[in-house]
Amino acid sequence: MVIVLFGKPGAGKGTQAPRLAAALGVPILATGEALRAAIREGTPMGLAAKAAMDRGELVADDVILGIVKDTLESAPFAQGAILDGVVRTVPQAEGLQRVLADIDRKLGAVLVFDIADEEIIGRVGGRLVCDTCSHPYSGKQPGDACEQPACAGTLMRRKDDEPEAVRTRLQQYEQKTAPVLEWYRTHGARIATIDAVGTVDEVTNRAKHALGL
Ligand code: AMP
């Protein structure tokens, strides 16, 4: 089963993805993570994506669809996937449908994390991530140690979590990502919307309920 997690940056997709992946027994494809890993490794794809990412702009659809295709065709994803951070444009939605058709897989649901912009700005402003495993934290200081098991990373602010980049990301969401939901509606996808404001456990429970888990 392939599930698309959909919502504004900072809506909680990255926090919920591992919980839903564990519940469904499928791995996660997080395109933002894949791009950040490519930047860390200094690959040509990472170098090409970095400037747009730092400004909070979207990376080109063909780059994203290349990641999606390679990942979903790989053996660990044979049983399905949680897609975190993709789909973000209508061409990506169309491209994902083509990839799924090629590998004879279906889109299970689009899970929409519903949240107001004001809530996002407060949330992302206080967000830190581990520089090694990318686990998100709130209520911590830059430089604190990551608390994930077997991770020796340090907490830092993502460059695109700075206020200017967050404003750009919210604009990009309205212009390019919000229309994707209409596309899915007209193409008959199962769309489940949940309230993304609450404790992490509350949101997990809503998400599981919405997915029938
Ligand atoms: P995220 O970690 O999902 O917030 O993504 C961080 C950044 O990576 C975004 O602001 C974009 O610059 C880029 N990115 C990640 N996924 C996509 C995507 N599906 N389409 C375009 N850009 C993306």
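Scroll up a little and you will see the structure.
Residues numbered from 1 in each chain as written. Predicted model: local features only at pLDDT ≥ 70, side-chain atom pairs only at ≥ 80, totals over all residues. Heavy atoms only, no water.

(A) How the structure looks around the pattern of salt bridges. Applying the stated criterion across every chain yields a total of 15 salt bridges. The partner of Lys140 in a salt bridge is Glu147, and the shortest N-O contact between them spans 2.5 Å. A salt bridge links Arg169 to Asp160, with the shortest nitrogen-to-oxygen separation between them at 4.0 Å. The class for Arg169 is buried, based on a relative accessible area of 10%. On the basis of relative accessible area, Asp160 is assigned to the buried category, the value being 10%. One network of salt bridges, in which partners are shared, links Arg127, Arg158, Asp160, Asp161 and Arg169. (Salt bridge = Lys/Arg side-chain N within 4 Å of Asp/Glu carboxyl O. Buried < 20%, exposed > 50% of the residue type's maximum accessible area, 1.4 Å probe, protein only.)

(B) Fine view of the site of the ligand. Inspection of the region around the ligand gives 16 residues, with Thr31, Arg36, Glu57, Gly85 and Gln92 positioned closest. One of the side-chain nitrogen or oxygen atoms of Arg88 is found 2.9 Å away from a nitrogen atom of the ligand. The fraction of the free accessible surface of the ligand (480 Å²) that becomes covered by protein chains is 95%. Looking at which element gives the most residues to the shell around the ligand, the answer is helix H2 (residues 31–41), with four residues. Residues belonging to the shell around the ligand are distributed by class as follows: six nonpolar, four polar and six charged. (Near = heavy atom within 4 Å. Polar contact = N/O pair within 3.5 Å; in protein donor to acceptor, adjacent residues only side chain to side chain. Areas by Shrake-Rupley, 256 points an atom, 1.4 Å probe, with all protein chains shown as cover. Helix = DSSP H or I, 4+ residues; strand = E, 2+ residues; numbered from the N terminus. Nonpolar A, V, L, I, M, F, W, Y, C, P; charged D, E, K, R; others polar.)

(C) Looking closely at the nonpolar core. Judged by nonpolar contacts, the single largest core of 30 residues is most densely connected at Val4, Phe6, Leu72, Leu83, Leu96, Val110 and Tyr184. Every element with two or more residues in this core is listed here: strand E1 (2–7), helix H3 (44–55), helix H4 (61–72), strand E3 (81–84), helix H5 (90–102), strand E4 (107–114) and helix H7 (163–186). A total of five residues in this core trace back to one element, the largest contributor, which is H7. Leu96 has contacts with Val4, Leu65, Val68, Leu72, Leu83, Val87 and Tyr184, leaving out every residue within four places of it along the chain. Ranked by size, the runner-up nonpolar core spans 23 residues in total, among them Ile3, Leu5, Ala17 and Ile82. (Core = buried A, V, L, I, M, F, W, Y, C linked by side-chain atoms within 4.5 Å. Contact = heavy atoms within 4.5 Å.)

(D) Main features of the pairing of E4. In terms of residue burial, E4 counts as a mostly covered element, since six of its eight residues are buried. As defined by bridge partners, E1 adjoins E4 across six bridges and the pair is classed as parallel. Residue pairing in the sheet places Val4 in a bridge with Val110 of E4. (Pairing = 2+ DSSP bridges.)

(E) Layout of helix H8 (residues 200–210). Inspection of H8 places Val203, Thr204, Ala207 and Ala210 among the buried residues, and these make up the whole buried set. Take H8 and look down its axis: the buried residues cluster within an arc of 130°, on one side only. Of the surrounding elements, those touching the buried residues of H8 are helix H1 (13–24), E4 and strand E8 (191–195). Two residues or fewer after H8 comes Gly212, characterised by a positive phi angle close to 75°. (Arc of directions from axis to C-beta.)

(F) Summary view of the packing of aromatic side chains. All told, the structure shown has two aromatic pairs when counted by the stated rule. Their ring planes at 80° and their centres at 5.2 Å tell us that Trp183 and Tyr184 sit as a pair that is edge-to-face. According to the relative accessible area criterion, Trp183 is buried, its value standing at 13%. (Phe/Tyr/Trp six-rings, centres within 6.5 Å; stacked < 30°, edge-to-face > 60°.)

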